[in-house]
Amino acid sequence: MQRVSISRLTLAAGMTSMISPAFAADAGFITDATATLQARNYYFSRDFSDIVGPNQQSKAEEWGQGFILNFRSGYTPGTVGFGADAIGQLGIKLDSSRDRSGTGLLPVGSDGRAPDEY
């Protein structure tokens, strides 16, 4: 393992603190903000036709759509720059029923059904 001297660490920290305000002044809180939206579509089907018995579920089948919104702001100018990150998630049930739920893809409520949105 290589040892790093304290003077090198101090020099690196000092250079970082001198450079950071310059970058913070150029970056704007709103002008440098970015947002991305991802969409995922999942379908899960499982057949239980080999299980016999009166109360056995014959198949589990669900379909859902998910959205992830990721927002990152720029930084405020000044000695200490502040920014904000936010994430929003939404899941929508496209297909499911009480007799086909339980795949683990969608959450299940107390009534045995998947909610329309989660």
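In case you missed it, the structure is sitting above this.
Residues numbered from 1 in each chain as written. Predicted model: local features only at pLDDT ≥ 70, side-chain atom pairs only at ≥ 80, totals over all residues. Heavy atoms only, no water.

Quick notes on the overall build of the chain
Scanning the chain for helices and strands turns up one helix and three strands. The N-to-C order of helical and strand elements in the chain reads α-β-β-β. Here the chain has roughly 9,100 Å² of accessible surface; of this, 58% comes from carbon and sulfur atoms. (Helix = DSSP H or I, 4+ residues; strand = E, 2+ residues; numbered from the N terminus. Areas by Shrake-Rupley, 256 points an atom, 1.4 Å probe, with all protein chains shown as cover.)

What about the sheet that holds strand β3 (residues 85–95)?
Two strands in a sheet stick together by hydrogen bonds in their backbones, pointing the same way (parallel) or opposite ways (antiparallel). Ordered by their spatial adjacency, three strands build an open sheet running β1-β2-β3, and the pairing between neighbours is antiparallel. A single partner strand is all that each edge strand has here, and the edge strands are β1 (34–47) and β3. On average, adjacent strands in this sheet sit at an angle of 15° to one another, irrespective of strand direction. For β1 and strand β2 (residues 59–72), the ladder comprises 14 bridges, and the chain directions are antiparallel. From the neighbouring strand, Arg 46 faces β2, where its bridge partner is Ala 60. (Pairing = 2+ DSSP bridges. Axes fitted to C-alpha atoms, helices over the stretch in contact; angles between N-to-C directions.)

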